[in-house]
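# Coordinate analysis (summary)
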Amino acid sequence: MSFLTGTDMYGGYGGGDILRGCAVAVDKGEIVVMVGPNGAGKSTAMKALFGMVRLRQGEVRLAGQAITHLSPQSRVRRGMAFVPQTGNIFTTMTVQENLEMGAFLRRDDISESMERVFGLFPALGEKRRQTAGELSGGQRQQVAIGRALMTQPAVLMLDEPTAGVAPIVMDELFDRILEIRQAGIAVLMVEQNARQALAIADRGFVLVTGENRFTDSGRALLANPEVRRSFLGG
Amino acid sequence: MEVDVVNAMVLLANFVVVPALAYGSQLALGALGITLVYGILRFANFSHGDLMAFGTMVVILLTWQLQAWDIGLGFLPTALLALPLGIAATIAVGLAADRAVFRFYRLRRSAPMVLAIASVGVMFVLNGVVRVVIGPDDRSFSDGARYLINAREFKSLTGLAEGLSIRTSQVLTLALAVIAVAVLFWFLRRTRAGKAMRAYSDNEDLALLSGVEPDRVVLLTWAIAASLAAIAGTLYGLDKSFQPFTYFQLLLPMFAAAIVGGIGQPHGAIAGGFLVAFSEIALTYPYKKFLGYLLPDDMRPVGLVQLLSTDYKLSVSFVILVVVLLWRPTGLFRGRIS
Amino acid sequence: MSGNARAAIGFGVVAAALLSIGLGQSWSVSLAVLNLCLISAVMALGVNIQWGYAGLFNVGTMAFAALGGLAAVVVSQPPVHEAVSAGGASLLLAAGAACLTVALISLACRRLPAGALRTIAVVLAALAGYFSIGAFFNPAVEAIEAVDPSSTGYLGGLGLPIVMSWAVGGLFAAGAAWAIGRVALGLRADYFAIATLGISEIVIAVLKNEDWLARGVKNVTGLDRPVPYEIGLQRADWFQDLVHSLHRDTLTGLTETESAALLRELVVGASSIFVKLCYAGLFAAVLLVVLLLSERALRSPWGRMMRAIRDNETAAEALGKDVYRRHMQVFVLGSAVVGVAGAMLVTLDGQFTPTSYIPLRFTFLIWVMVIVGGSGNNLGAVLGGFIVWLSWIEAEPVALWAVATLTAAMPPDDPFRVHLVEAAAHVRPILMGVILLLVMRFTPRGVVPETVGRQRPLSS
């Protein structure tokens, strides 16, 4: 049993089901990537794991405990962190204040965590007093990830972290995500840039119409001719 | 000639600058409450003027009681002693209104317009309560020393032809406003709860994800907005006079101040408050005597040189509001509470 | 329960209330309430066109009602020739200067490239305009207001029948709405509300202070009437005969002098009722016409489009609907209806008193009517007008009665009792606020819900 698992998930935003029996699992110190065509339910699956989408059926377990009916806030308290695709920073607050807000629930000294984030993203350290809304797209994503890391999470979930950033910035961001894995954090990602993401992934799930189509190691999925043809553009 | 220039400046200070500083502070405090409610609870609160009237009413009733007991503050108005209880009562009313009315629509995530109309209902009720308790007429409650410096003293002190009178209420207004604003900004920038409020105003979903308790933020917002309303209302009442209807009419300049400054922005509300106050007073002041000091005899104006009749001072806030919005739709300072 | 059944019950309740006022107090009072109900219903229809059809939150109803009232003065009062000859020409010149200024500014805005030059040109034109308008306007006003200030001191009117002012009032309000809409309709919904609230206060300030126009706070009294005067009726033979024939039974068997005295009394009472009935007939006719037209408009393709814009402005815009133009149409139309009602109200009162225009009574109360009745439903707005006006007008006597009952044990000069009696009048706003909040909370679609639309304006 993996650290965080979602099994047999059915559900959506009212109306019809978007998820139809999809299952996801991620372990500590592992990068898991969800890929698939538009509308496959990748983001929905991630939100379901985080409690932002109600499940009609299925179960979510964290460290062996069922958390299916917990609110997102209580999942944060239990060590899950989520970086939404949009609106993932406080644009009118400074970089430092964004990180402080990430640690809002913590009562202990947060300076060490903050220095660790600044170590991971040195650019943020230089701009800690700047308003986050004034930063570039890549730096905003760094703030968003940094904010999520401030909770000292066991699981970090990223919804398309490289959407709309330049290719060079994307590579840089993936390098940082590899570093985060090194710290023993479970990383679950939804990615549009499937090729690059699978290249750093320990495991990958290919989702189609709310169901798992392929599950394998990242390398194997990249090598799989059917996956290449249908989902990676040849 | 030089004396004339000094006289002209004293004249301007006496009739424009000092009154506008006091009035601007009152508007700014009111607009701060409006802007906080708008930024965090996300609706235009039409009941804010009547909330001010309510707070002032409580202060007046307490002041009368204290005066009857012969308890006072010497040269300061007794109302200052009554103010803390007035603030407490206003907070209680604000929270009660939220619990009874606004919470329901907030939890359903109703459109801002629905909340605004609900605030009209609250406005009606508060307006009626104030009139039932204290009546619709003018009520005076200021005491203590009326002037810090009066015109005659100033003239004999300086030997100038023009006097400068500074009322206690004006200095008090400015001092209290500075203190209130300083405390508010310190709270918003430095404290955990203040940062939570700013985060909630900036990005509600992300704030919730970060563990901010929405109920606490809402509670704090009403507590602050109501405190500011009680302070602003009392200061306005001390400076001018208390009449429930005028507090309703303050809604327009206060909203103009909040919107012009960029709604949801505390420093914008302050800038907007002073902009509206200075424009209102400067445009309705007759400059005849002022120009008389500065211009040679043969060029002295015959008329009053008043750009706008005092009866139309409300239109100043309206024009500022519309002009700024058409020219810069987000107001002078962009964004949410920061 | 269907909307029609609820409407039928609602109107039944209103009729019962009016009947009980008639039987309990007097028919004259009952009819007076009815007349104001009818006028309120027309106003509510006007607001419903804006809010119910299109979702426009116009908080400036008061201004349009007042402009309608101004029309009553301007149309029906005899002209003050002396004042016209004293200041009319200069006033026209001032108006010309104002038009010229506006033309110059708009020319500058259109022809000159944006930048310092344009700003300077606009500021110069505005300054020149300000001083040239003042040069004509101020002496004109002084001259006009100097003409017999205790009784006239204003331009007077056109001396036409006052009924014509109802149409003119609609036009005045429509014109003002067009001008206001040009500026304010571009703003977001909540800013639009604040802007209209502000503009309505400004319009009232103008009416209070521009004595040359309609005597300002000195009021214009003794306006012309579209219906006979009580005195005239009491002297008319046909009316006396009518009353006599109606009361034949009571009058027979009395002595000559007794019968004559009683008849005189009956005629005086009947004349007041007759006059009010005439008004009621006129107002009801207007209400019916407006109601039928509104209903047709609501069910036309135009009405459908308005609702589409109300329910999803962005989608409607994406489909190529010109939202600004549509909003302008409803804003002008709805305001015109309010203007008509405003003219009717001043006609009924027989006087124009600018100080009587307060937002609580002329803006927010009308809003309560629409929301209570059912936003988007014309019949609902009419019913809301009736119910809310009845509660508004009856709140004070009921509160006074309640105070009297509660304090019966206290001595009459007890300060607390005196205070309560004085306060009873102010129970009205509390009652209105509570009604508004309760309706919004528990029947957000109003007493008679909207039938044609899908969405509920207040519950979404």
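Residues numbered from 1 in each chain as written. Chains lettered and ligands numbered in written order. Predicted model: local features only at pLDDT ≥ 70, side-chain atom pairs only at ≥ 80, totals over all residues.

What follows is about the interface of chain A and chain B. Interface size, as often reported, equals the accessible area lost upon joining of the parts. Tallying the contact residues gives 16 residues for chain A and 17 residues for chain B. Among the secondary structure elements, those contributing two or more residues to the side of chain A that touches chain B are helix H2 (72–77) and helix H3 (95–102) of chain A. With four residues, the top contributor of residues to the side of chain A that touches chain B is H3 of chain A. Here the side of chain A that touches chain B is composed, by residue class, of eight nonpolar, six polar and two charged. (Contact = placed C-beta atoms within 7 Å. Helix = DSSP H or I, 4+ residues; strand = E, 2+ residues; numbered from the N terminus. Nonpolar A, V, L, I, M, F, W, Y, C, P; charged D, E, K, R; others polar.)

Right, let's get into the sheet that holds strand S6 (residues 80–83) of chain A. Residues and elements named next belong to chain A. Judged by pairing direction, the sheet is mixed, and its six strands sit side by side in the order S6-S7-S8-S3-S9-S10 without closing on themselves. Strands with a single pairing partner mark the edges of an open sheet, and in this sheet they are S6 and strand S10 (211–217). Taken over all neighbouring pairs, the strand axes of this sheet differ in orientation by 15 degrees on average, direction set aside. The pairing of strand S9 (residues 203–208) with S10 spans six bridges and is antiparallel. Along S10, the bridge assignment pairs arginine 203 with serine 217. (Pairing = 2+ DSSP bridges. Axes fitted to C-alpha atoms, helices over the stretch in contact; angles between N-to-C directions.)

Before going further, it helps to spend a moment on the interface of chain C and chain B. With 35 residues of chain C in contact, the opposing surface of chain B contributes 37 residues. Within the residue set of the side of chain C that touches chain B, elements represented by two or more residues are helix H7 (189–209), helix H16 (359–373), helix H18 (415–423) and helix H19 (427–442) of chain C. Sorting elements by how many residues they give to the side of chain C that touches chain B places H7 of chain C first, with 13 residues.

What follows covers the domain arrangement of chain A. All names here are of chain A. Taken domain by domain, chain A comprises domain 1 (1–79 + 154–163 + 181–234) and domain 2 (86–152). For domain 1 versus domain 2, the separation of C-alpha centres amounts to 25 Å. Counting from both sides, the interface comprises four residues of domain 1 and, opposite them, six residues of domain 2. In terms of residue class, the side of domain 1 that touches domain 2 is made up of three nonpolar, no polar and one charged. (Domains from an automatic or database assignment.)

For the rest of this paragraph, the subject is the domain arrangement of chain C. All names here are of chain C. Examined at the domain level, chain C breaks down into domain 1 (3–79 + 156–442) and domain 2 (80–155). Between the C-alpha centres of domain 1 and domain 2 there is a distance of 35 Å. Taken together, the contacts link seven residues of domain 1 with twelve residues of domain 2. The residue inventory of the side of domain 1 that touches domain 2, partitioned by class, reads four nonpolar, one polar and two charged.

Our next topic: the sheet that holds strand S5 (residues 65–66) of chain A. All names here are of chain A. A sheet is described by the order of its strands in space; here four strands give the open sequence S2-S1-S4-S5, paired in antiparallel fashion. This sheet does not close on itself; its edge strands, each paired only once, are strand S2 (19–26) and S5. Relative to S5, strand S4 (residues 55–62) is paired through two bridges, and the arrangement is antiparallel. For leucine 62, the partnering residue across the bridge sits in S5 and is glutamine 65. With respect to the sheet, helix H1 (residues 42–50) is in contact with strand S1 (4–11), S2 and S4, its orientation differing from that of S1 by roughly 115 degrees.

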